[in-house]
Amino acid sequence: MTYFLQKKSFFKWTLFLILAFGSTKSYTQCAGNDNSVTVCNKDSDENNKTFDLFAQLGGTPTPGGTWSTNDPANFFALDRNTGIVNLWDVKNSGFHEFTYTNDVCGESAVITVILGGYPGEDNIDGTADACGDNPAVNLHSFIGDETDGKFQDFNGSWAAVTPGAGDHLTQNFFNAADAGVGIYEFTHTVTAVGTCPSRQVSLILEVQRPANSGVGSALTVCNSEDLSGMTNFNLNTLLMDEDINGTWSEGPSTNQLDDLTDNTVDVQAIRDNNGPGTYTFTYTVYPSHAVCTISQTSVDIIILPTLQGTMEATNFCAGPLDYRVQIDSYNTTLIPDGTYGGNYSLSSLSGTFSATTSIVLANDGTGYFDIDASTVPMNEIVTISIESLGAEVCPDIQVPPVDFIVTDPKAMATDSCLGSDVPISLTNIYDASLNFADGNYDVDYTITDTDGIESNFSISDVAFYSGNGSFEIPALQLPEAGSYDISFTVQSGFTLGCDITTSFTVISPPADIVLDLLVDNSCNATQIEVQIDAPNLADGSYNITYDVVSQSSGQVVLENTINFTGGTASYDLDVASLEQGNYTISVRSTQNDTTACRLTFEFEESENFAIEGIPALPIAELNQNFCLSDFASNPPSLADIQVTANGEILFYATESDMDILPLDTELVDGEDYFISNTDPNNNCEGSNRIRVITTLSNPEGPSALNTNPTFCTSEQATVLELNPSVSANGTVTWYDNATGGNPLDNSTLLVDGTSYFAANTESNGCSSTERVEIIPTVYGLEPVSLAFSTIALCGLDNPTIYDLRTIEGDNPYEVLWYDTPEEGNPLEDQTLLQSETTYYAVSFNPDTGCMNPERMAVTVDLTNCDPEDYGFFIPDGFSPNADGRNDTFFVPNIEIIFPDFTLEILNRYGASLFKGDRSNPAWDGSEGGKTAPNGVYFYVINYNKDGHQPIQGRLYLNR
């Protein structure tokens, strides 16, 4: 330890101050004077642990004051009352200030300790070890002295000597995990402080290989699986990157490992002996060096319980809030009973719906769960599946989905009169396959009368369509009037979970009044008999009215009222006096009857008759021609003969035949037919018939000359251009189908590969039924594909059409270039490109000679010239003396490289003499029409192009 105390200087200065300032009070300088002391090797002297600061004060300090430090790191090293500081406990080298304060005089003095560094002790004998899994090895822990209380400084710097080790060193921490196993050398250096020199120690650290038990995983199986392939399961397969020198241990209950060398287990036996559960095995690896810890990794063999069984969802009827699904015969050996949080899904035409529920499994192998009725669509087949029972149950749910349906089957019966059948309608009825019933089904029904007596009946072959069916209950099954309840079962139909019921009332109706008319001859009547049957009417006077109306004029020609007293009556009407014509006779009665089952209160009977009422003959052309091509779907029949007649037309094979021919009778070429008609007003048939002879025409079909003509899309070819492909006696008519179809307009554009059918049409418009098929090939090709719509070139390179081919895309056909948007001739590759010209590319197929008419435009920029590549320069003078050499000042090629340039010439006074551009690029040396004198002039050039700034310079004119 060295003390630098300038005692003599101290006393000289003290004397000077006394002389300078006169006498002071007795407590002056009671804190002493500031001083500094240097301690270079604090670690070499144990007395530095009790370094006395008070003894270092200058002057005549008075005891009794207190000490303080401005450095928190020194706070606990200093005794504030005695001024004793433990320099071994000051772990940072450098300048340390300690202040002595004496409250008696209110003064302070500062002792500055200039403390040299202590780097610790060398450690190079191989005793410094760290584990290779330690990411933060504190190097300070290896260079400490074993002497109590002696520690190296913390403000030294660590450096790596071993190449590459510095990449893993951060201050005093070394990342051994990243650096890896090996031997590394480091130095710890404390810097020079004042007159104290720098000091350094070395550390050789050996990073030991850590134990690695690997990264574990789990084996998850279901207890329903076939585990016969896992009777010798290697636990090592559940590890990754582990050391091979480890050993396995097991948890309780498994008893699978025989000794420390065993690593295989029988998963099937674990399942069979213990059932579902989690079984843990631990892999332990001991380190090769004690500095590393034991490494252990646990792996799990998880055996999940399995739900295996069946479920039953009956067909429900609408109404309840929940529908219960039963689980039948689940395998109790695969899953224990209890309540599980499950998921189920419903699938139908309306979509898929998923929800959670509680699935209850009882210890007898049965169970159930409920589904929310509001989530189930009505009248649709619904498939329900159990999706899962949570993470603790095998996801392989071995319960087959089942189908069910929630229906709202309805029955409706119509109140009816006694003796009438009762209409029944059934809706929303399904068949056994869970589809809306379609077809014939037997229906059982039970009728319960007012007295509660049940009667069972069946009806066969009730027709159902889309789930709806109707039938009638025979009146015989309803012998009495009154109220009835009825329930239905559709045999061979869908099994319902509810009854189909309804009710109806049978009402006793009154007897009907029957009126009848008997005409002696409807075509030439002379007498009509009116018959009345009203046996149930009470005795009294009743009125029956009748009238005869002329059908031609609508006037009543005969009317009267018949009175009778009930029961039956018969009256004759004489009509022989009526004029020739058609008539209608009506007889009617109106009753005031309020019986509920009376459906008709006005009774009326009408009959048409005629006086001499034979109808006139039909009118038709004797000879009628039929073109067979007009009847592509069906051959011509009697219904196609043109006849004008009043009433229904009747056809006969002969003039006297009485068998009426059906209207769909096919016509025979050259055959004759006989026609009569009936009067619709009286149904009287004419006594005579007319004759019609039919002729069936079918022109000879055309022949094909070229079944596959070819065209280009650009030609816009139409069906008219197919005519040369066929030969016909008449006019060619084109169709879109081999038979029937529609005739095509001649302007119809041809479509590649489409079939067109030609028929021969004669002058009378009849076309042949035989047609020939022509399939044209219309060659089309895609528009040309270009990589860019603009191309920048340099006109100084004399670019040609060949340079445009660099922007041609991947075109399957040849590309032709034009300088016009339409027409024109294709350009040769050697054709020079012109400035301010647009060029057009066209796709061309030389094999077919077809061209796509769409032209793709390309804008050509010929100003893409780098001045440096073309020797661009600005002349510094010219001689306008008319000798033909250098007579004007111009910049070579500027109009190509900088087409938008401007040039201005100024004299030395700044006056503008010339302004030029692309159209006027050269100065001839004139000044306002006069000859400019020899001398220096100035030019200003604006290139007007991105990346090029205006330039100015001087030139010399010398004639």
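The rules we used
Residues numbered from 1 in each chain as written. Predicted model: local features only at pLDDT ≥ 70, side-chain atom pairs only at ≥ 80, totals over all residues. Heavy atoms only, no water. Salt bridge = Lys/Arg side-chain N within 4 Å of Asp/Glu carboxyl O. Helix = DSSP H or I, 4+ residues; strand = E, 2+ residues; numbered from the N terminus. Buried < 20%, exposed > 50% of the residue type's maximum accessible area, 1.4 Å probe, protein only. Pairing = 2+ DSSP bridges. Contact = heavy atoms within 4.5 Å. Core = buried A, V, L, I, M, F, W, Y, C linked by side-chain atoms within 4.5 Å. Patch = residues over 30% accessible without salt bridge, like charges linked within 9 Å, V, L, I, M, F, W, Y side chains within 5 Å. Areas by Shrake-Rupley, 256 points an atom, 1.4 Å probe, with all protein chains shown as cover. pLDDT = per-residue confidence, 0-100. Phe/Tyr/Trp six-rings, centres within 6.5 Å; stacked < 30°, edge-to-face > 60°. Lys NZ or Arg CZ within 6 Å of the ring centre and 35° of its normal.

Enquirer: Summarise the pattern of salt bridges; cite the residues concerned and give the values.
Expert: In total, this model carries 13 salt bridges according to the counting rule given. Of the charged contacts in the structure, one is a salt bridge between aspartate 43 and arginine 199, with a shortest N-O distance of 2.9 Å. Separated by 156 residues along the polypeptide, aspartate 43 in the loop between β1 (35-39) and β2 (51-52) and arginine 199 in strand β13 (residues 199-208) bring together distant segments of the chain. Arginine 199 sits in the partly exposed class, given a relative accessible area of 22%. Between arginine 324 and aspartate 370 there is a salt bridge, and its shortest N-O distance comes to 2.8 Å. Residue arginine 324 is found in strand β24 (residues 322-328), and its partner aspartate 370 is found in strand β27 (residues 367-372); the two are separated by 46 residues along the sequence. For arginine 324, a relative accessible area of 39% translates into the label partly exposed.

Enquirer: Help me get a handle on the sheet that holds β24, residues and values and all.
Expert: Read across the open sheet, the eight strands follow the order β22-β24-β27-β26-β25-β28-β29-β23; overall the sheet is mixed. Either end of the sheet is taken by a strand with one partner, and the two such strands are β22 (310-312) and β23 (316-317).

Enquirer: Quick one: what's the story with the side chain of glutamine 256, residue by residue and with numbers?
Expert: Inspection of the secondary structure puts glutamine 256 in the loop between β18 (247-250) and β19 (264-265). For glutamine 256, a relative accessible area of 14% translates into the label buried. The contact partners of glutamine 256, leaving out residues within four places of it in the chain, are Glu250, Asp262, Thr264, Val265, Asp266, Ala269 and Ile270.

Enquirer: Provide a residue-level description of the nonpolar core, including the pertinent values.
Expert: Note that soluble globular proteins tend to have their nonpolar side chains buried in a common cluster. Within the largest apolar cluster, 29 residues are counted, with the highest numbers of intra-cluster contacts made by Phe369, Ile371, Ile384, Ile386 and Phe404. Every residue in contact with phenylalanine 404, bar those within four places of it in the chain, is listed here: Ala313, Thr314, Asn315, Phe316, Leu346, Ile371, Val376, Glu380, Ile381, Val382 and Ile384.

Enquirer: Before we move on, can you summarise a nonpolar patch on the surface with the specific residues and values?
Expert: Taken together, the side chains of Val936, Phe938 and Tyr956 make up a nonpolar region of the molecular surface, amounting to roughly 240 Å² of accessible area. Here valine 936 shows up in strand β66 (residues 935-942).

Enquirer: Mind laying out the confidence of the model for the chain, listing which residues take part and the relevant values?
Expert: Across the chain, the average pLDDT comes to 87, with 94% of residues at or above 70. Low pLDDT, under 50, characterises residues 1-28; the stretch is placed with 20 contacts to residues that sit more than four places away or in other chains.

Enquirer: Can you break down the packing of aromatic side chains residue by residue, with the values?
Expert: Using the criterion set out here, one finds 24 aromatic pairs in the structure. Between tryptophan 248 and tyrosine 283, the ring centres sit 5.0 Å apart and the planes meet at 50 degrees, which makes this aromatic pair tilted. Of this pair, tryptophan 248 sits in strand β18 while tyrosine 283 sits in strand β20 (residues 277-285); the two residues are 35 residues apart in sequence, bridging distant segments of the chain. The exposure class assigned to tyrosine 283 is buried, which follows from its relative accessible area of 2%. Measuring from centroid to centroid gives 5.5 Å for tyrosine 484 and phenylalanine 504, while their planes differ by 15 degrees, and the two rings are stacked. Linking tyrosine 484 in strand β36 (residues 482-490) with phenylalanine 504 in strand β37 (residues 500-507), this pair joins segments that are 20 residues apart in sequence. The side chain of arginine 771 reaches across the aromatic face of tyrosine 735, ending 3.6 Å from its centre. Lying over the aromatic face of tyrosine 818, arginine 855 brings its terminal NZ or CZ to 3.9 Å of the ring centre.

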